[in-house]
Amino acid sequence: MSADRLPRDYRIRPARVTGNYTAMGLGAASSLLSLSMEDFPGRLKLLFGALMLALFGWLAYASKRCATSADLKGIRVRRLRGSRRLAWEDIQGIRAVPNPVAAKAAHQPNVISYAYDRAGRRVQLMYVDDNHVDVGHEIGLMRAAWEELRGEGWEPDPEVLRRIERRHGREGRMLARVLWGLGAVVAIFVVVMIRAAVD
């Protein structure tokens, strides 16, 4: 993504917006329905119902507002609460990584991406994931823009890079342990089922 490819915007796909609205509507309806069956005073029901509708309405609005954009000044990430702007010269790295919660929840992306600020803190790049874009391609374009626009005198901070690598190493080891654990559970289940079938 050299300067001539900017700006770029990454937002939730329209089909996913519809799915989010449907899920939130069903959640609000079921909450209100269960509330109507409880023995609460009328005013408390109204207050709780209004709060539930406000919460689901805010979640629907905020999920559509979330985005990542890249322009000549840097990367801006809008999240559910607030936004974060990273100037190109303040970025220490941009990476795509395996999503640790992908196996725990349906429809979660397998690969997500982060930008790292000058202190090594990571900022998730909303919707730069394999559910919405070709992650490898988009991260490659972002890195090219970063290398072009961060300035000629830019130098990486070795301590920050070590911190980033340590974090990735810890997360990689943790993910490997989780996968080994899941594999062991499946193997034990298969052995138990075979023994039960033989007996």
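Here the structure is a predicted model, which means the values were calculated and not measured.

Chemist: Whenever I open this one, the packing of aromatic side chains confuses me. Can you help?
Modeler: Aromatic ring pairs are defined here through the distance separating the ring centres and the angle between the ring planes. Counted according to the given criterion, the structure contains two aromatic pairs. When the centroid spacing of 6.4 Å and the interplanar angle of 50 degrees are considered together, the rings of Tyr114 and Tyr116 count as tilted. Residue classification places Tyr116 among the buried positions, given a relative accessible area of 1%. Positioned above the aromatic ring of Tyr114, the side-chain terminus of Arg122 is 4.3 Å from the ring centre. Looking at Arg150, its charged tip hangs above the ring of Trp146, at a distance of 4.6 Å from the centre.

Chemist: Can you help me understand the sheet that holds strand E7 (residues 122-124) in this one?
Modeler: Where strands meet in a sheet, backbone hydrogen bonds hold them as pairs that are either parallel or antiparallel. As summarised here, the arrangement of the three strands in space is E5-E6-E7, forming an open sheet in which the pairing is antiparallel. The open sheet is flanked by strand E5 (93-98) and E7, the only strands paired with a single partner. If you compare each strand with its neighbour and ignore which way they point, the axes differ by 35 degrees on average. Pairing geometry for E5 and strand E6 (residues 111-116), over six bridges, is antiparallel. From the neighbouring strand, Arg95 faces E6, where its bridge partner is Tyr114.

Chemist: Can you help me understand the pairing of strand E4 (residues 83-87) in this one?
Modeler: Within a regular beta strand, the side chains point alternately toward one face of the sheet and then the other, so they alternate between its two faces. Note: strand E3 (residues 74-78) against E4, five bridges, orientation antiparallel. The residue of E4 that forms the bridge with Ile75 is Leu86. In sequence, E3 turns back onto E4 through a hairpin of four residues, with Gly82 there showing a positive phi of about 80 degrees.

Chemist: Could you clarify how one ought to interpret unusual backbone geometry in this entry?
Modeler: What you tend to see is this: most non-glycine residues have negative phi, and most peptide bonds are trans. Along the chain, Leu6 connects to Pro7 via a cis peptide bond; the corresponding omega equals -5 degrees. As for its placement among the helices and strands, Pro7 is situated in the segment before strand E1 (8-11). The phi torsion at Tyr127 lies on the positive side, around 70 degrees, for a residue other than glycine. Within the fold, Tyr127 resides in the loop between E7 and helix H3 (135-149).

Cut-offs and rules
- What you see as residue numbers is a count from 1 along each chain, following the sequence as written.
- Reporting in this predicted model follows two pLDDT cut-offs: at least 70 for local features of residues, and 80 or more for side-chain atom pairs to be given and counted; totals over whole chains, interfaces and linings ignore these cut-offs and use all residues.
- Side-chain calculation: all heavy atoms of the structure are included, whereas hydrogens and water are not.
- Centre distance within 6.5 Å is the pairing criterion for rings of Phe, Tyr and Trp, where only the six-membered ring of Trp is used; planes under 30 degrees apart are then read as stacked, over 60 as edge-to-face, and the remainder as tilted.
- For every residue, the accessible area obtained with a 1.4 Å probe (protein chains only) is divided by the maximum for its type, and the residue is called buried under 20%, exposed over 50%, and partly exposed between those limits.
- The rule for a charge over a ring is simple: NZ of Lys or CZ of Arg within 6 Å of the ring centre, and within 35 degrees of the ring normal.
- Paired strands, in this sense, are two strands between which DSSP finds at least two bridges.
- By definition, any uninterrupted DSSP run of H or I lasting at least four residues is a helix, any uninterrupted run of E lasting at least two residues is a strand, and each is numbered from the N terminus.
- Helix axes use the C-alpha atoms of the stretch in contact, all axes being lines fitted to C-alpha atoms, and the angles between their N-to-C directions lie in the range 0 to 180 degrees.

What is shown is where atoms sit, not what they do.
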